Amino acid sequence: MNSGASGTLLEVRELTKVYTSGYLKTTHVVGCQDVSFLLDRGEIVTLLGESGSGKTTVANVVLRLFKPTSGEVILDGKDNFSYPPREYYARVQQIFQDPYGSFNYFYRVDRVLHKAIAFRKQRFSTGDRKQRILEALDIVGLNASEVLGRYPHQLSGGQLQRILMARVLLLEPQLVIADEPTSMIDASSRAGILNHLLGLRERGIAMLFITHDVGQAAYVADRAVVMDTGRVIEQGPADKVLFAPEHTYTQKLLADVPKLHEKWDLSTDHEPTAVPADSQG
Ligand SMILES: Nc1ncnc2c1ncn2[C@@H]1O[C@H](COP(=O)(O)OP(=O)(O)OP(=O)(O)O)[C@@H](O)[C@H]1O
Ligand SMILES: [Mg+2]
């Protein structure tokens, strides 16, 4: 599926989504407005912004969960809604925020992996299917004997999220939308998940990585698109946008990153310096 060729894979062009609700559809909320950016084949673009800035709205239009109010999403030169559903989802897949909610608790976790293989046009022998599943689990750092045959409630959130990454490997899409993929994972498993996301990129899979966490964005992304109240306010190479931002909003996001080294002044007396003197009874 991945051609390996460079060039634009996804173009989000002046995308606007206004939600309407209420009995007479008179309530309007702007989800995103005039959002434009490009995503090249095999690269990771982070969509970064605070809660409510419109990141998931953009992702959901890319995933065709709803149509935009105006503007368009172009995948591989064609409007995303012009693809037959099966072809589109062979190309574009998602890693969910909530790994717990992504499984049917009545079935063993193996089912999502077998279904991923069955979704592909290509047919594989039983032996090949098994082999592919073992390889995919190995790539995401899971021991097959510890996860296959288990039910979702018998595994951790981190293990379930890795199974969903193995599912993506079996599907081999061109693009993965990862919307806050670590937010429901305990901190000790987060770095592993991020490293395995980078592993997907090494296999030529491009990614739209959605986060409000500047540290995670800096760790995985090639390019960054910063959103505030529905609009893109700054975009460019991740190194530039995240380490030398021009816009005050991005500077503020960066300033909000906890700085542990400032809390503990290790250069002097090894005492915490951020604690007010009058609180040290
Ligand atoms: N289905 C909906 N109906 C009405 N308004 C919505 C809907 N979904 C999102 N919104 C509104 O659109 C705006 C953007 O929301 P969105 O979920 O895209 O933000 P986000 O950046 O993903 O936030 P978060 O980081 O909290 O996930 C918000 O004001 C939100 O309240
Ligand atoms: Mg969101």
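Data block above holds the structure.
Described in the following lines is the structure provided in the data block. Everything numeric here is computed off the predicted structure, so don't read it as measured data.

1. Examining the side chain of Arg 64
- Looking at where Arg 64 falls in the secondary structure, it is placed in the loop between helix 1 (55-62) and strand 4 (70-75).
- Here Asn 80 takes part through its backbone oxygen, which lies 2.8 Å from a polar atom of the side chain of Arg 64.
- If near-sequence neighbours (up to four positions away) are discounted, Arg 64 is found in contact with Asn 80, Phe 81, Ser 82, Tyr 83, Pro 84, Pro 85, Tyr 88 and Tyr 89.

2. A closer look at the nonpolar core
- Ile 95, Leu 113, Leu 137, Ile 163, Leu 197 and Leu 200 are the most contacted members of the largest nonpolar core, which has 38 residues in total.
- At the level of secondary structure, the elements contributing two or more residues to this core comprise helix 3 (110-119), helix 4 (126-139), helix 5 (144-147), helix 6 (157-171), strand 7 (175-179), helix 7 (187-202) and strand 8 (206-211).
- In terms of residue count, the dominant contributor to this core is helix 6 (nine residues).
- Here Leu 137 is in contact with Leu 113, Leu 142, Ala 144, Val 147, Leu 148, Ile 163 and Ala 166, once residues within four sequence places are set aside.
- Counting 27 residues, the second-largest nonpolar core is a separate cluster that includes Tyr 83, Leu 175, Leu 208 and Ile 210.

3. Things to note about the sheet that holds strand 10 (residues 231-237)
- Read across the sheet, six strands follow the order 6-7-8-3-9-10 without closing on themselves; strand pairing throughout is mixed. The sheet terminates laterally at strand 6 (92-95) and strand 10, the two strands that pair on one side only. Recorded for the sheet is a direction-independent mean angle of 20° between the axes of neighbouring strands.
- Examined bridge by bridge, strand 7 and strand 8 share five bridges and lie parallel to one another. Bridge assignment links Asp 179 to a residue of strand 8, and that residue is Ile 210.
- In this fold helix 7 packs onto strand 3 (44-49), strand 6 and strand 8, with an angle of close to 155° to the strand it touches most, strand 8.

4. A short note on the site of ligand 1
- Close contacts around ligand 1 come from 13 residues, with Ser 51, Gly 52, Lys 55, Thr 56 and Thr 57 the closest.
- In the environment of ligand 1, an oxygen atom lies 3.2 Å from a nitrogen or oxygen atom belonging to the backbone of Ser 53.
- Interatomic distance of 2.8 Å between a side-chain N/O atom of Lys 55 and an oxygen atom of ligand 1.
- Starting from 630 Å² of accessible surface for ligand 1 in isolation, the protein chains cover 59%.
- Elements with a minimum of two residues in the shell around ligand 1: strand 2 (27-40) and helix 1.
- Here the shell around ligand 1 is built from residues that sort into three nonpolar, seven polar and three charged.

Rules of the game
- Residues numbered from 1 in each chain as written.
- Chains lettered and ligands numbered in written order.
- Predicted model: local features only at pLDDT ≥ 70, side-chain atom pairs only at ≥ 80, totals over all residues.
- Heavy atoms only, no water.
- Helix = DSSP H or I, 4+ residues; strand = E, 2+ residues; numbered from the N terminus.
- Polar contact = N/O pair within 3.5 Å; in protein donor to acceptor, adjacent residues only side chain to side chain.
- Contact = heavy atoms within 4.5 Å.
- Core = buried A, V, L, I, M, F, W, Y, C linked by side-chain atoms within 4.5 Å.
- Buried < 20%, exposed > 50% of the residue type's maximum accessible area, 1.4 Å probe, protein only.
- Pairing = 2+ DSSP bridges.
- Axes fitted to C-alpha atoms, helices over the stretch in contact; angles between N-to-C directions.
- Near = heavy atom within 4 Å.
- Areas by Shrake-Rupley, 256 points an atom, 1.4 Å probe, with all protein chains shown as cover.
- Nonpolar A, V, L, I, M, F, W, Y, C, P; charged D, E, K, R; others polar.

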